[in-house]
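Descriptive analysis of the structure
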Amino acid sequence: MSKIDLSAMFNGLQQQMVSQLKTNRDFVTHPGSKGDSLENAWIDWLRTYLPSRYSIDKAIVIDSEGNTSHQIDIVVYDNWFTPFMFTQNGFHYVPAEGVYAVFEVKPDIQGNCDGKSHIQYAGEKIESVRSLKRTSTNMISSGTKCDPRPLTKIVGGILTSTNTFTHENNETIEKHIKELKGLQGVDIGCVADYGSFYVEYDGEEDTGSKDFENRYLNYYTDREFRELVFSRSEISVVSFFLQLTRYLQQSIGTIQAIDLNAYSKSICFKIDQEL
C-alpha cells in the first residue's frame, strides 16, 4: 500500500498561501488594490478547499425587514438550502439565514481603520451581521416534516498576512479580543506568518428556550472570554482551515430553513405553504 506524507503535503499548502499573501502585501502598493488582492487570495483559497455546499464571496448581508450589514470582506454562506441571492453590478447580497461565517481581511493584524484597531473594526463588522433578523421555519427531511430549528451560530473572524505588534507574545492580540463584547466577539482568526487562533468562551446556549431570536442573542451577550489558543506559525493556514471546517460541519451543521413569506411581505404577496 502506497502512502503520502501528510505533513509534507500540508507544509506545501501552507508555504504556497503564505508566499502568495506576502507577495501581494509587498508588491501591490495601492491601498485599495492591496486590500482587494488579499481578499481575493483568501476567497480563492477557501473556494478551492471548502466543500461545494459552501459559497464564498465578498457581500452585504440582508434580512427580511430590509436591514443590511456593513460590507463584509468574506462571507461563507449556504449553497444548498438558501434559495436566492441578489447580485447587483457584481456585488452580492446574501440573506442572513444563509450565513455560516464572516471574516474581515487586513494586511496586518496590527493597525487602525477609522480610528479603531483592526480587531475592533472586525468586531463591528461581525456585529452588523449577527444583529440582523433571521427566520426559521419547517422543512422536509427524508420525507418527514420537521419543526423549525434554532438559529445557528455565525462564526466571526479576522484574516491577516502578518503581525507587527511590538510584543513577541500574544498579549496585545488577546487584549484587543477581550475588549470585544456581545455580538462583536471574534471566534477564530489567522495571521499567515505568525499563527492561527481560536477563542474559547464560557457560557452555554439556553437550549430549553423556544424563543430562538432571544436565545441566540443572549448566548452572545452572556458568554465570557476564557482563553485565546494560538497555533505554531508554521501551521497557521492549515490549522485555521481545519478549525473552521470543524466549526462549520460539526458545530453548526445545516442552517435553519428560511421563511420565504417573511421576505415576500415586501411585495405584498403570500406564498402557498402546501402542495
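An account of the accompanying structure is given in this report.

Thresholds, definitions, all that
- Residues numbered from 1 in each chain as written.
- Predicted model: local features only at pLDDT ≥ 70, side-chain atom pairs only at ≥ 80, totals over all residues.
- Heavy atoms only, no water.
- Salt bridge = Lys/Arg side-chain N within 4 Å of Asp/Glu carboxyl O.
- Helix = DSSP H or I, 4+ residues; strand = E, 2+ residues; numbered from the N terminus.
- Patch = residues over 30% accessible without salt bridge, like charges linked within 9 Å, V, L, I, M, F, W, Y side chains within 5 Å.
- Areas by Shrake-Rupley, 256 points an atom, 1.4 Å probe, with all protein chains shown as cover.
- Buried < 20%, exposed > 50% of the residue type's maximum accessible area, 1.4 Å probe, protein only.
- Arc of directions from axis to C-beta.
- Contact = heavy atoms within 4.5 Å.

**Details of the pattern of salt bridges**
- Under the defined criterion, the tally for this structure stands at 15 salt bridges.
- The shortest N-O distance in the salt bridge between Asp 36 and Lys 58 comes to 3.4 Å. You can see Asp 36 sitting in helix H2 (residues 31–49) and its partner Lys 58 sitting in strand E1 (residues 54–62), a full 22 residues away along the chain.
- Two residues, Glu 234 and Arg 232, come together in a salt bridge whose shortest N-O distance is 2.7 Å.
- One connected set of salt bridges, linked through shared partners, spans Asp 36, Glu 39 and Lys 58.

**Notes on a nonpolar patch on the surface**
- Among the surface-exposed residues, Ile 4, Leu 6, Met 9 and Phe 10 lie close enough to one another that they form a single nonpolar patch of about 370 Å² accessible area.
- If you trace the backbone, Leu 6 turns up in helix H1 (residues 6–27).
- Overall, Leu 6 belongs to the partly exposed group, its relative accessible area being 47%.

**Thoughts on unusual backbone geometry**
- Here the phi dihedral of Asp 114 falls at roughly 55°; this positive angle occurs in a residue that is not glycine.
- A relative accessible area of 61% places Asp 114 in the exposed class.
- Its identity is not glycine, yet Cys 268 carries a phi of approximately 55°, on the positive side.
- The residue Cys 268 is located in the segment after helix H7 (260–264) in this model.

**Remarks on helix H5 (residues 212–222)**
- Every buried residue of H5 is listed here: Phe 212, Arg 215, Tyr 216, Tyr 219 and Tyr 220. Burial along H5 is one-sided: seen end-on, the buried residues are contained in an arc of 130°. Away from its buried face by more than 90 degrees, H5 exposes Thr 221 and Asp 222.
- Close packing links the buried residues of H5 with helix H3 (118–130).

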